[in-house]
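Observations on chain architecture
Chain by chain, the residues run as shown.
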Amino acid sequence: MTDYSDDPLAGAGLDTLAVRAGIARTHEGEHSEPIFATSSYVFGSAAEAAARFGGEESGNVYSRYTNPTVRTFEQRIAALEGGEDAVGTASGMAAILSTAMALLKAGDHVVCSRDVFGTTTNLFGKYLAKFGIETSFVPLLDGAAWEAAIRPETAMLFMETPSNPLCEVADLAFFSDLAKTNDCLLVVDNCFCTPALQKPIAMGADIVVHSATKYLDGQGRCVGGAVVGRREHMAEVETFLRTCGPTMSAFNAWVFLKGLETLRIRMQAHSDAALSLARWLREQPEVERVYYAGLEDHPGHALAKRQQSAFGGVLSFEVKGAREQAWQCIDGTRFLSLTANLGDAKTTIVHPATTTHGRLTDEQRGLAGIGQNLIRISVGLEDVEDIKADLRRGFDAIG
Ligand SMILES: *Cc1c(COP(=O)(O)O)cnc(C)c1O
């Protein structure tokens, strides 16, 4: 259907928005988005300065408040996620912190998935707790535990799906109903899928947070984050950022804009390679078990198929044996990058039990299902046959 509205991108598809949303071309006629490397802005007159400071007139004042390159990134990620507005932040953790600081207050209670990024657990469990915001941690898939944890003062449900590193898949429709019934906000960290594969807001989430450091950049260059949601919430988050300062830099925003242009084709390539690798891993005699929602026998397969357009680039597997065998496998690979980062063009390999999940107690790790023989892979964009060959070197190194 032809759209005759003024916005040339009205009704545009994800790939078009990823390339074009948010562009505000300057008088120079530049084709690529410019980097506004400026901390402040000049005013045309003392009256204009007064009006901007007083908030009677919109416009740039200072780059802790607004920056045109960051604004382009914000508009683009909002368009991709299907949110009304977005706020760029200095990191993924700054996105989560800003959301919490802007929308929660002392006395509020949060229910958070136990299976979230480890630093997120510390942010809620340690720092927000200091300011009188209590958090209950519950297993991602245990809907009854979520219901039981909710109190009258519960103001936010927080989760990641699929989870890291076991790729558990949460039913976003269920959680959005739960949030609405209990008058609290559903916040989803959409880092692993990105809007190219999953749109939590369309499924009823109130807010999406991102670590742009991962797939939005996609090439491991910059640290950044984003919060996406309704205008009234984003206004609160933006006010927090202006006051407290964890803003995104213009240069980083520009790198993320370039990353977004290729987001969907990268996510499809990561997903295709991860599925191929997961199937291959399952056939290897040294492998005990593979965790990837793209495999038909993964418990989250049917749900992931419903709410995601592909299964993503992260998988994990257990080698037969214990920590020693896992470490031998990791150390036996030759080009996979041994790093805890993910969402990069370069494939990364890591031993969660002694790195990303190393601060948990044995008991906590046991509950979360993270064994000493578990290895996580963030599948990159190399030839997948070469990734398999390198992992074969790893398996051959197991003594
Ligand atoms: C990395 C990550 C974060 C934190 O993002 P930073 O950019 O490192 O601050 C939050 N959530 C998830 C799921 C992540 O992988």
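Just so it is clear, the structure is predicted and the values come from calculations on it, not from any experiment.

A few points about the overall build of the chain
The helix and strand tally for the chain stands at 15 helices and 12 strands. Computed over the C-alpha atoms, the radius of gyration of the chain is 22 Å, within 12% of the 21 Å expected from 2.2 N^0.38 for a compact globule of 399 residues. With respect to the three principal axes, the spread of C-alpha positions in the chain is 75 × 50 × 45 Å. A total of 399 residues make up the chain; the buried ones form 54% of that total. Here the contacts in the chain between residues at least 6 apart in sequence split such that 72% fall between residues at least 24 apart. Accessible area of the chain: about 17300 Å², with a carbon and sulfur share of 52%. Here the chain contributes 36 positively and 50 negatively charged side chains, and the mean placements of these two sets differ by 3 Å.

Concerning the state of the cysteines
Here the structure, examined in full by the defined rule, presents 0 disulfides. Cys 193 provides the cysteine sulfur closest to Cys 167, a residue in no disulfide bond, and the two sulfurs are 9.7 Å apart. Looking at Cys 167, the relative accessible area reads 5%, which means it is buried. Unpaired in this structure, Cys 222 has its nearest cysteine sulfur neighbour in Cys 191, at a distance of 15 Å. A residue is classified by how much of its surface remains accessible, and Cys 222, at 6% relative accessible area, is buried.

Here's the deal with empty space enclosed by the protein
Going through the model one piece at a time under the given rule, you end up with 1 cavity of 30 Å³ or more. Computed from the structure, the largest cavity encloses a volume of approximately 50 Å³. Forming the boundary of the largest cavity are Pro 162, Ser 163, Cys 167, Phe 192, Cys 193, Phe 311, Gly 312, Gly 313 and Val 314. Across the lining of the largest cavity, the residue classes break down as 6 nonpolar, 3 polar and no charged. Residue contributions to the lining of the largest cavity reach at least three from each of two domains, namely domain 1 (14–260) and domain 2 (265–396).

Overview of the UniProt feature "modified residue: N6-(pyridoxal phosphate)lysine" (unreviewed entry) in the chain
Within the UniProt annotation, "modified residue: N6-(pyridoxal phosphate)lysine" (unreviewed entry) is assigned to Lys 214. Inspection of the secondary structure puts Lys 214 in the loop between strand E6 (207–211) and strand E7 (225–229). Among the residues examined, Lys 214 registers a relative accessible area of 11% and is labelled buried. Ignoring anything within four residues of it in the chain, the contact list for Lys 214 reads Phe 117, Cys 191, Asn 341, Leu 342 and Gly 343.

A look at the sheet that holds strand E9 (residues 314–319)
What the 5 strands build is an open sheet, ordered E8-E9-E12-E11-E10; its pairing is mixed. Each edge of the sheet is formed by a strand with only one pairing partner; in this case those strands are strand E8 (287–291) and strand E10 (337–338). Here E8 pairs with E9 via 4 bridges, running antiparallel. Bridge pairing in E9 places Arg 289 opposite Glu 318. Against the sheet, helix H15 (residues 384–396) engages E8, E9, strand E11 (348–350) and strand E12 (374–378), with an angle of about 20° to E9.

Quick look at the site of the ligand
Near the ligand you find Ser 91, Gly 92, Met 93, Phe 117, Glu 160, Asp 189, Cys 191, Phe 192, Ser 211, Thr 213, Lys 214 and Gly 224, and these make up its full shell. At a separation of 2.6 Å, a nitrogen atom of the ligand approaches a polar side-chain atom of Asp 189. Separating an oxygen atom of the ligand from a side-chain N or O atom of Lys 214 is a distance of 2.6 Å. Its free accessible area being 380 Å², the ligand has 91% of it covered by the protein chains. Of the residues in the shell around the ligand, the class split is 4 nonpolar, 5 polar and 3 charged.

About the thresholds
- Residues numbered from 1 in each chain as written.
- Predicted model: local features only at pLDDT ≥ 70, side-chain atom pairs only at ≥ 80, totals over all residues.
- Heavy atoms only, no water.
- Helix = DSSP H or I, 4+ residues; strand = E, 2+ residues; numbered from the N terminus.
- Rg over C-alpha atoms; globule rule 2.2 N^0.38 Å.
- Buried < 20%, exposed > 50% of the residue type's maximum accessible area, 1.4 Å probe, protein only.
- Contact = heavy atoms within 4.5 Å.
- Areas by Shrake-Rupley, 256 points an atom, 1.4 Å probe, with all protein chains shown as cover.
- Lys, Arg positive; Asp, Glu negative; His and termini not counted.
- Charge placed at Lys NZ, Arg CZ, Asp CG, Glu CD.
- Disulfide = S-S within 2.5 Å.
- 1 Å grid on protein atoms, 1.4 Å probe; cavity = no way out; pocket = protein on both sides within 12 Å on 5 of 7 lines; lining within 4 Å.
- Points joined across faces, edges and corners; volume = space filled by probe spheres on them.
- Nonpolar A, V, L, I, M, F, W, Y, C, P; charged D, E, K, R; others polar.
- Domains from an automatic or database assignment.
- UniProt positions renumbered as here; feature names shortened; annotations may be inferred.
- Pairing = 2+ DSSP bridges.
- Axes fitted to C-alpha atoms, helices over the stretch in contact; angles between N-to-C directions.
- Near = heavy atom within 4 Å.
- Polar contact = N/O pair within 3.5 Å; in protein donor to acceptor, adjacent residues only side chain to side chain.

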